[in-house]
Amino acid sequence: IMDSVKEMRSVEGGKLADEMKQRMAGLKERVDAIEKRVPQVIEQYKTRLEQKIRDIAPQQLDEARLTQEVCYFADRSDITEEIVRLNAHFGQFMTFIASDEPVGRKLDFLLQEMNREVNTIGSKSSDTSIAMDVVEMKAELEKIREQVQNVE
């Protein structure tokens, strides 16, 4: 009977791992989409700011000052570090999942770190599309965290 219990746990663990891998792949796709969106967000900010200046004081548009403001915005909203860390976490998650050792606590901790990075992306971004991706990513991370509770 112990062999059948071990086999059942192994099969269940494999299914959990497959589901979590699939969810992680979806998260990775969202992070890649966000990373591709960032230059567009900066360009849209520049366009909106330039239009506001033209509406208020058309003769006073200072290109150097506009560039300075756009650079400040780009720096303030830079999420490169968060994306790099998330990508590293994705790799680490897959390594843990493939391990034969107990990894439940490690996965739980890693998910907390991933959630922290996603939150930071959300707080740095003023883009609606990225904000919606952040909400979806947080929901996915929560679903994965619930599954991790079933992992030793």
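Residues numbered from 1 in each chain as written. Predicted model: local features only at pLDDT ≥ 70, side-chain atom pairs only at ≥ 80, totals over all residues. Heavy atoms only, no water.

Concerning the overall build of the protein chain
In step 1: When helices and strands are tallied, the protein chain shows five helices and zero strands.
In step 2: Ordered by position from the N terminus, the helices and strands of the protein chain form the series α-α-α-α-α.
In step 3: In summary, the protein chain has a C-alpha radius of gyration of 21 Å against a globular reference of 15 Å for 152 residues, an excess of more than 25%.
In step 4: With respect to the principal axes defined by its C-alpha atoms, the protein chain has extents near 85 × 20 × 20 Å.
In step 5: Across the 152 residues in the protein chain, those meeting the buried criterion constitute 32%.
In step 6: Here the contacts in the protein chain between residues at least 6 apart in sequence split such that 77% fall between residues at least 24 apart.
In step 7: Accessible surface, the protein chain as shown: approximately 10000 Å² in total, 51% of it carbon and sulfur.
In step 8: Distance between charge centres in the protein chain, computed from 23 positive and 30 negative side chains, equals 2 Å. (Helix = DSSP H or I, 4+ residues; strand = E, 2+ residues; numbered from the N terminus. Rg over C-alpha atoms; globule rule 2.2 N^0.38 Å. Buried < 20%, exposed > 50% of the residue type's maximum accessible area, 1.4 Å probe, protein only. Contact = heavy atoms within 4.5 Å. Areas by Shrake-Rupley, 256 points an atom, 1.4 Å probe, with all protein chains shown as cover. Lys, Arg positive; Asp, Glu negative; His and termini not counted. Charge placed at Lys NZ, Arg CZ, Asp CG, Glu CD.)

A few points about the environment of Arg85
In step 1: Here Arg85 shows up in helix 3 (residues 80-98).
In step 2: Sequence separation between Arg85 and Gln149 is 64 residues, and the spatial gap between their C-alpha atoms is 23 Å.

Comments concerning the packing of helix 3 against helix 4 (residues 104-124)
In step 1: For the pair helix 3 and helix 4, interaxial distance at closest approach is 10 Å and the crossing angle is 160°. In terms of their interaxial angle, helix 3 and helix 4 are classed as roughly antiparallel. Seen along the crossing, helix 3 lies across helix 4 with a hand that is left-handed. Residue-level contacts link Glu82, Ile83, Arg85, Leu86, His89, Phe90, Gln92, Phe93, Phe96 and Ile97 of helix 3 to Lys106, Leu107, Leu110, Leu111, Glu113, Met114, Glu117, Val118, Thr120, Ile121 and Lys124 of helix 4. (Axes fitted to C-alpha atoms, helices over the stretch in contact; angles between N-to-C directions. Parallel < 35°, antiparallel > 145°, perpendicular 65-115°, else oblique. Left-handed = near helix turned anticlockwise from the far one by under 90°.)

Remarks on the nonpolar core
In step 1: Grouped together as the largest cluster of nonpolar side chains are 35 residues, with contacts concentrated most on Met24, Leu86, Phe93, Leu111, Met114, Ile121 and Ile144.
In step 2: Elements with a minimum of two residues in this core: helix 1 (2-56), helix 2 (63-76), helix 3, helix 4 and helix 5 (128-148).
In step 3: Among the elements that take part in this core, helix 1 stands out by supplying eleven residues, more than any other.
In step 4: If we skip the residues at most four places from it in the chain, Ile121 touches Ile34, Ile79, Glu82, Ile83, Leu86, Ile130 and Val134. (Core = buried A, V, L, I, M, F, W, Y, C linked by side-chain atoms within 4.5 Å.)

Here's the deal with the confidence of the model for the protein chain
In step 1: Averaged over all residues, the pLDDT of the protein chain equals 91, while 99% of them reach at least 70.
In step 2: Confidence, expressed as mean pLDDT per element, reaches its minimum in the protein chain at helix 1 with 88 and its maximum at helix 4 with 96. (pLDDT = per-residue confidence, 0-100.)

What to know about helix 5
In step 1: Here helix 5 is 21 residues long and its end C-alpha atoms lie 30 Å apart, about the 30 Å a rise of 1.5 Å per residue gives.
In step 2: Turning to helix 5, its buried residues number three or more, namely Ile130, Asp133, Val134, Met137, Glu140, Leu141, Ile144 and Val148. Axial view of helix 5: buried residues confined to an arc of 135°, hence all on one face. Along helix 5, exposed side chains directed more than 90 degrees from the buried face belong to Thr128, Met132 and Val135. (Expected span 1.5 Å × (residues − 1). Arc of directions from axis to C-beta.)

Quick word on the pattern of salt bridges
In step 1: The final tally for this structure, using the stated rule, is 14 salt bridges.
In step 2: In this structure, Asp32 and Lys28 form a salt bridge, with 2.8 Å as the shortest nitrogen-oxygen distance. Within this pair, Asp32 and its partner Lys28 are both found in helix 1, separated by four residues, close to a single helical turn.
In step 3: Judged by its relative accessible area of 26%, Asp32 falls in the partly exposed class.
In step 4: Note on Lys28: relative accessible area 30%, which makes it partly exposed.
In step 5: The partner of Asp127 in a salt bridge is Arg37, and the shortest N-O contact between them spans 2.8 Å. Of this pair, Asp127 sits in the loop between helix 4 and helix 5 while Arg37 sits in helix 1; the two residues are 90 residues apart in sequence, bridging distant segments of the chain. (Salt bridge = Lys/Arg side-chain N within 4 Å of Asp/Glu carboxyl O.)

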